[in-house]
Amino acid sequence: MSVTGSRRLLTVVASIAFSLAAGSVQAQTRSETLRYVTGASVNTLDPNIPGSTREAFAVSLSTYDRLVSFGRKQLNGKWVFDLGKITGELAESYEVSPDGLKMTFRLRKDAKFQDGTPVTAEDVKWSLDRVVTAPVLGKAQLLTGSMTSADQFKVIDPLTIEVTLPKPDKLALPNLATVYPIIINSKVAKAHATADDPWALAWLKENTAGSGAYKIETFKPGEQVIMARNAEWNRGTPDKSAFFKRVIVQSVPEPATRANLVERGDADIVVDLQASDVQSLEAKGKLKVISTPQYNSVTFVSMNNQIPPFDNVNVRRAIAFALPYDDMFKAALFGRGSPLFGATWADGKPTSGAYPIPQPVKLDLEKAKEYLKAAGMPDGFSTTFSFNVGQASTAEPMAALVKESLAKIGIKIDIQKLPDAQMSTQINEKKLPFFTEGIVAWLPSTDYFYRNFYTGNQRWNYSSINNPELAEIAQKARFEPDAAKYEEDGVKLNAIHFSEIPQIPLWQPSQDAVMASSVEGYTYQFHRQVDYRDLNRK
C-alpha cells in the first residue's frame, strides 16, 4: 500500500472508530455493547422487501420473532444451524398431524410485542397472510414449503393457530424458521397501512413492530443501525434475554479497514474479510477465528447448456477435466473451505444421496482433449468467462488460472469482469455462456438444491439444464417420507448431475468469523450473517 493509501486508510479508521465510540457513549459499559462491522449495509428493516441485503436479514432476526427457529449442532467441531431440529420461538409447542397435513402451533402465554401488547394468533395469521399475499420476497420462499394461500392459516383460539397443507411437505415447518415469516404486531401495521399499501410495506421498511430480542434505536439506511436489548424478551437459551445491551451494526465497505478495526479492538466481530486478511490475523494469534465450511453453499463454474458449444455434453466434460482445481482452490481461498473435486467413486456411482458431494474430477488434459475431439472440436474454440466484480478477490485469480489451463487444450477465453447488476441481469436473461457463481440454500436438502438450481426456466437454474428425468425425481423426492427411498432418489440425482455435468461444483468456501477473544457463542447460520442473540462476552 502506498503512503497516500495508508494515510487515507488511517483517516477512515479514525473516523469509524470515532463513530463507534460515539455510539457507545450511551451504552452502560463497553463490555455490554457488541460492535459489528460489515462490507454491505442494512437497507431495510423488513426482510421481505425486494432487494433486502443479508445484513438486513440479520437485523430482522433480532427485531422480530418467528413461530419457530432452527436448533444448532456440531459440525467438525464448529456450531452450525441444524435443519433437522426445529424449536419453538413464539410457539410454546407445536405438533404435526399423523397424516402430515396440519401443523398446530400454541403461542407462549407471556409473549409480548415491544409496545407491551400480547402476541395473538390473529397477529400470526395477519403476518403469514402478508407473506403469501403481498408482493414480497417471502412469497417465493414459502412456496417451497407448500404454503401459498391465506386460506391455509386458521385461528383456532387467541393462542392457537393451525396451518393446513395440500400434501405432506418436509420443508413446510423449516420454512417457518427462515428469515421471511416474521410475526408482526398487526394492529400497529394496520394503523400505517393505506389503500394502495394494505400490508404497510412502506412503513415497515423503515420501522419495526415486532417482539424480538432487540429494539431499533437508530436506523440510517446504508450506514448504521443501533439496537437496544428488549429486556422482556426471553426466547434465548436458556429462557434468558439477549446478552448484549446494545448492538451497533456499521457498514465499512473496505475489507482492509474492517480487518484493521477488529484488530485494533474498535469492532468486536466481522465475517466478510478477505481470506488473506483472515490468514494474517489468525497468524498473529490475538483474535479468535472460527472458520466454518458453508455447508449450505456451493461455488461452481457454470455453462449455459442451451448455448453452443456448451449444449454439447462432451464440451462440458472437457472443461471439467481441464480445470486446475488445486491451484484454483489455493489462489482463490488460500485453501479455506471444503473441496468438491478429486473424489473417487467406486464403480463410478455416487457415494451418497446428499448434495453437494465431491465429484470424481481432476486436472487431466489428455482426457479433456479426448472429450473435445468427441465433441467434434479437436482444435478448441473461443468464448467468454465472466465473474461478478464484487467477487474479484476470489474470482479474478481463479479466472486467470482457468484461462491459462484451457488454452492448453485450444480453448481461448476472454475474461469479463461484470458489475453486480449487469452480472445479475445477464444471468437472469440467460446470456452468459460460461461463468462462475455461488449458490446458497437456506434449507439444504438434496431435493431443495436440485429443484431450485437445476429445474425450470428461472434465474436460479444457472446452467439452464432441461432434464425431464432430473426434474421428475427432484419433485418426487420433495414429498418422499421414507428416508431410504429419499436417499435413493438423491443418488439418482447425483448420478444424472455427473453424467450431464451442467455445471462444475468447485468447493464450499469457509465462513471466517473473526472476533475479539472475549466474544463467545458464535454459530454459523443459514443466512450467513451473525445472529446477535447467540453471542455473549466472557
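Rules used in this analysis
- Residues numbered from 1 in each chain as written.
- Predicted model: local features only at pLDDT ≥ 70, side-chain atom pairs only at ≥ 80, totals over all residues.
- Heavy atoms only, no water.
- UniProt positions renumbered as here; feature names shortened; annotations may be inferred.
- Helix = DSSP H or I, 4+ residues; strand = E, 2+ residues; numbered from the N terminus.
- Rg over C-alpha atoms; globule rule 2.2 N^0.38 Å.
- Contact = heavy atoms within 4.5 Å.
- Areas by Shrake-Rupley, 256 points an atom, 1.4 Å probe, with all protein chains shown as cover.
- Lys, Arg positive; Asp, Glu negative; His and termini not counted.
- Charge placed at Lys NZ, Arg CZ, Asp CG, Glu CD.
- Pairing = 2+ DSSP bridges.
- Axes fitted to C-alpha atoms, helices over the stretch in contact; angles between N-to-C directions.
- Phe/Tyr/Trp six-rings, centres within 6.5 Å; stacked < 30°, edge-to-face > 60°.
- Buried < 20%, exposed > 50% of the residue type's maximum accessible area, 1.4 Å probe, protein only.
- Lys NZ or Arg CZ within 6 Å of the ring centre and 35° of its normal.
- Salt bridge = Lys/Arg side-chain N within 4 Å of Asp/Glu carboxyl O.

- If you look the protein chain up in an unreviewed UniProt entry, it shows as Peptide/nickel transport system substrate-binding protein from Bradyrhizobium algeriense.
- Regarding the protein chain, the UniProt comment filed under Subcellular location (unreviewed entry) reads as follows: "Periplasm".
- Taken directly from UniProt, the Sequence similarities (unreviewed entry) text for the protein chain runs: "Belongs to the bacterial solute-binding protein 5 family."

## Observations concerning the overall build of the protein chain
Working step 1: The secondary structure content of the protein chain amounts to 17 helices and 20 strands.
Working step 2: For 538 residues, the compact-globule estimate of 2.2 N^0.38 gives 24 Å, and the protein chain sits close to it at 24 Å.
Working step 3: For the protein chain, the proportion of contacts with a sequence separation of at least 24, taken over those separated by at least 6, is 71%.
Working step 4: Of the roughly 22,400 Å² of accessible surface on the protein chain, a fraction of 51% belongs to carbon and sulfur atoms.
Working step 5: A distance of 3 Å separates the average location of the 61 positive side-chain charges in the protein chain from that of its 59 negative side-chain charges.

## Concerning the sheet that holds strand S4 (residues 91-96)
Working step 1: Spatial ordering of the open sheet is given by S4-S5-S7-S6, a layout of 4 strands whose pairing is antiparallel. What marks the edges here is a single partner per strand, and that holds for S4 and strand S6 (153-157). Within the sheet, the average angular offset between the axes of one strand and its neighbour, ignoring direction, is 20 degrees.
Working step 2: By the bridge criterion, 4 bridges tie S6 to strand S7 (residues 160-164) in an arrangement that is antiparallel. For Val155, the partnering residue across the bridge sits in S7 and is Ile161.
Working step 3: Against the sheet, helix H3 (residues 121-133) engages strand S5 (102-107), S6 and S7, with an angle of about 180 degrees to S6.

## Side note on the packing of aromatic side chains
Working step 1: According to the stated counting rule, one finds 30 aromatic pairs in the structure shown.
Working step 2: Seen in terms of ring centroids, Tyr355 and Tyr450 are 5.0 Å apart; in terms of plane orientation they differ by 70 degrees. Their pairing is edge-to-face. Placement of Tyr355 in the loop between strand S14 (337-339) and helix H12 (365-374) and of Tyr450 in helix H15 (residues 446-453) is noted, with a sequence separation of 95 residues between them.
Working step 3: The class for Tyr355 is buried, based on a relative accessible area of 8%.
Working step 4: Each ring, one from Tyr355 and one from Tyr454, has its centre 6.0 Å from the other, and the planes form 75 degrees; the classification is edge-to-face. Of this pair, Tyr355 sits in the loop between S14 and H12 while Tyr454 sits in the loop between H15 and helix H16 (468-478), and the two are 99 residues apart along the sequence.
Working step 5: By way of ring pairs, the aromatic residues Phe57, Phe70, Phe81, Tyr180, Tyr295, Trp442, Tyr524 and Phe526 are connected into one cluster.
Working step 6: Sitting above the plane of the Trp79 ring, Arg72 keeps its charged end 3.7 Å from the centroid.

## Points about the pattern of salt bridges
Working step 1: The full count for this structure, using the stated rule, is 25 salt bridges.
Working step 2: Between Lys125 and Asp129 there is a salt bridge; the shortest N-O distance is 3.1 Å. Of the two residues, Lys125 and Asp129 both sit in helix H3, 4 residues apart, roughly one turn of that helix.
Working step 3: The class for Asp129 is buried, based on a relative accessible area of 11%.
Working step 4: Its salt-bridge partner being Asp512, residue Arg336 comes within 3.1 Å of it at the nearest N-O pair. Of this pair, Arg336 sits in the loop between helix H11 (325-333) and S14 while Asp512 sits in strand S18 (residues 503-515); the two residues are 176 residues apart in sequence, bridging distant segments of the chain.

## Re H15
Counting along an α-helix, one turn takes 3.6 residues, and residues three or four places apart therefore face a common direction.
Working step 1: Summarising burial for H15: 8 of the 8 residues are buried, a large majority.
Working step 2: Those residues of H15 that sit buried are Thr446, Asp447, Tyr448, Phe449, Tyr450, Arg451, Asn452 and Phe453.
Working step 3: Check the buried side of H15 and you find it contacts helix H4 (138-143), strand S17 (434-440), H16, helix H17 (483-500) and S18.

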